[in-house]
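# Tertiary structure, described
Chain residues, written in single-letter form:
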Amino acid sequence: MPLVFFMSPADPMMLETLAAINRPRGQGGLVADHMVYRYSANRTDDGLTGEEGTFNMCTFWLVEALTRAGQADPSRLLEATFVFEKMLGRANHLGLYSEETCLGGEALGNFPQAFTHMGLISAAFNLDRALG
């Protein structure tokens, strides 16, 4: 919501949303190893076989939301930087990303994924601007 200016990144409800997303998966959160799942596949029957990977674009959205929340709380800007740098290390040897990444690091889904790269560019631009 802060990415489209629907809600302030420092709004208490948005900060609670970020906290909920960042909870461990076993506690209802969507993050594992600093990567974001798009939904709780272990709590929802999506009708698909196989294991759902983390959704790379969602991880870059989290970076951007944390970056914007960092305007009011600098610790969130540090967290955004950490998650962003961790994601940079998950690209392949050409710097490209797939749609999803499994916890073992393998690329899953569409490759290369344009939406993921759009999320990367937006997160990089906004994080750079916030860091000055």
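So, how was this worked out
- Residues numbered from 1 in each chain as written.
- Predicted model: local features only at pLDDT ≥ 70, side-chain atom pairs only at ≥ 80, totals over all residues.
- Heavy atoms only, no water.
- pLDDT = per-residue confidence, 0-100.
- Helix = DSSP H or I, 4+ residues; strand = E, 2+ residues; numbered from the N terminus.
- Contact = heavy atoms within 4.5 Å.
- Disulfide = S-S within 2.5 Å.

Detail in the predicted coordinates should be disregarded across regions flagged by low pLDDT. Averaged over the protein, the pLDDT score is 89; the fraction of residues at 70 or greater is 92%. Mean pLDDT across the secondary structure elements of the protein bottoms out at strand E1 (residues 31-32), with 91, and peaks at helix H4 (residues 114-131), with 96.

This next bit is on the side chain of Arg 68. By the element assignment, Arg 68 lies in helix H2 (residues 56-69). For Arg 68, the residues in contact, after removing those within four places along its chain, are Pro 2, Leu 3, Phe 5, Pro 9 and Asn 126.

For the rest of this paragraph, the subject is the state of the cysteines. Note on terminology: a disulfide is the covalent bond linking the sulfur atoms of two cysteines. What the rule picks out here adds up to zero disulfides. Cys 102 takes part in no disulfide bond, and the closest cysteine sulfur, belonging to Cys 58, lies 16 Å away.

What follows covers unusual backbone geometry. The peptide bond linking Phe 111 to Pro 112 adopts the cis configuration, its omega dihedral lying at -15 degrees. Take Pro 112: it is sitting in the loop between strand E5 (107-108) and H4. Despite not being glycine, Asp 33 shows a phi value in the positive range, around 50 degrees. Inspection of the secondary structure puts Asp 33 in the loop between E1 and strand E2 (35-36).

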